[in-house]
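# Notes for the structure review
If you want the building blocks of each chain, they are given just below.
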Amino acid sequence: MVSQALTKYEASEAGEVILVLGHHQESIRESLGLCAGKTKVVVNREYREGMGSSIRCGMASLSPRSAAVLVALADKPFIEVATINGMIGFWRKSESSLLVPLHEGVRGHPVLFSRSLYPSLAALEGDRGGISVIERHGELLVEYVTSDRGVLIDIDTEGDLCLKGQG
C-alpha cells in the first residue's frame, strides 16, 4: 500500500517527496527498496504521539524553497497521478492557501497547504493531523473538483485494499 501511494507521488510533478516513517520503519524501508528517485525518507521517532508528530517531522525536512506542501496519507493509494498534478496546477494558477479535492460533493485527500500555513502545520500535536489547520483556517479553503474517487478511498484493513480498489 505504501509503495503504491509513493509511486504516484514519485511520478507526479511534485518537486520533492518526503516519506515519514515511524513504527516498523526499518522493515517498511527495506520492503520498498528506497534508494533512488525524488523521495527523501525521514524517521519520526515520536510517532506514538500521533499524526501531528509525523506532519511536524515531514515539515522539518521540507526544502526551504518550497511554496506549498501536499499532505498525503499512505492509506490512500488509489489517487491518480493526474489528480495530484491537477491540484498542483490549480494551485499554481490560483495560489490558494488551502486546497482540498472534492469528489461528488465529498472532501478527500491529499490536502495542499501553502507556505503561509507552514507554521500551523509545524505546530501540530496529537492525532488530528491537518484537519485542525483546516478548521482554524476554513475561510482560506478552496475545493478542487475531481472525478477521481481515489481521493476518498481509505484503506483500513487488508480486505479494503482489494475491495475498494476495484470499480
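Placed above this text is the structure.
Here the structure is a predicted model, which is why all the values come from computation and not from measurement. (Residues numbered from 1 in each chain as written. Predicted model: local features only at pLDDT ≥ 70, side-chain atom pairs only at ≥ 80, totals over all residues. Heavy atoms only, no water.)

Formed by 16 residues in total, the largest nonpolar core has its most connected members in Met-59, Val-69, Leu-98, Phe-113 and Leu-121. For this core, the secondary structure elements donating two or more residues are helix H3 (51–61), strand E3 (68–71), strand E4 (98–103), strand E6 (111–114), helix H5 (118–122) and helix H6 (131–136). Not counting chain neighbours up to four residues away, the residues in contact with Met-59 comprise Val-69, Tyr-118 and Leu-121. Within the second largest apolar cluster, 11 residues are counted, among which are Leu-6, Leu-21, Ile-79 and Ile-84. (Core = buried A, V, L, I, M, F, W, Y, C linked by side-chain atoms within 4.5 Å. Buried < 20%, exposed > 50% of the residue type's maximum accessible area, 1.4 Å probe, protein only. Helix = DSSP H or I, 4+ residues; strand = E, 2+ residues; numbered from the N terminus. Contact = heavy atoms within 4.5 Å.)

Turning our attention to the side chain of Ser-53. With respect to the helices and strands, Ser-53 occurs in helix H3. You can call Ser-53 buried: its relative accessible area is 2%. In this structure the side chain of Ser-53 is engaged in a polar contact, spanning 3.0 Å, whose partner is the backbone oxygen of Glu-46. With sequence-adjacent residues up to four places away left out, Ser-53 is seen in contact with Asn-44, Glu-46, Tyr-47 and Gly-126. (Polar contact = N/O pair within 3.5 Å; in protein donor to acceptor, adjacent residues only side chain to side chain.)

As a further point, take helix H1 (residues 2–11). Looking at H1, one finds that the buried residues are Ala-5, Leu-6, Lys-8 and Tyr-9. The buried residues of H1 occupy one face: seen down the axis, they fall within an arc of 155 degrees. (Arc of directions from axis to C-beta.)

As a further point, take unusual backbone geometry. Going from His-109 to Pro-110, the amide bond is cis rather than trans, its omega being 5 degrees. You can see Pro-110 is positioned in the loop between strand E5 (106–107) and E6. With a phi close to 50 degrees, Glu-95 is a non-glycine residue in the positive phi region. With respect to the helices, strands and loops of the structure, Glu-95 is situated in the loop between helix H4 (81–94) and E4. Accessibility expressed as a relative area gives 59% for Glu-95, which makes it exposed. Here the phi dihedral of Glu-104 falls at roughly 50 degrees; this positive angle occurs in a residue that is not glycine. Examined against the element boundaries, Glu-104 turns out to sit in the loop between E4 and E5. The class of Glu-104 is exposed, set by a relative accessible area of 70%.

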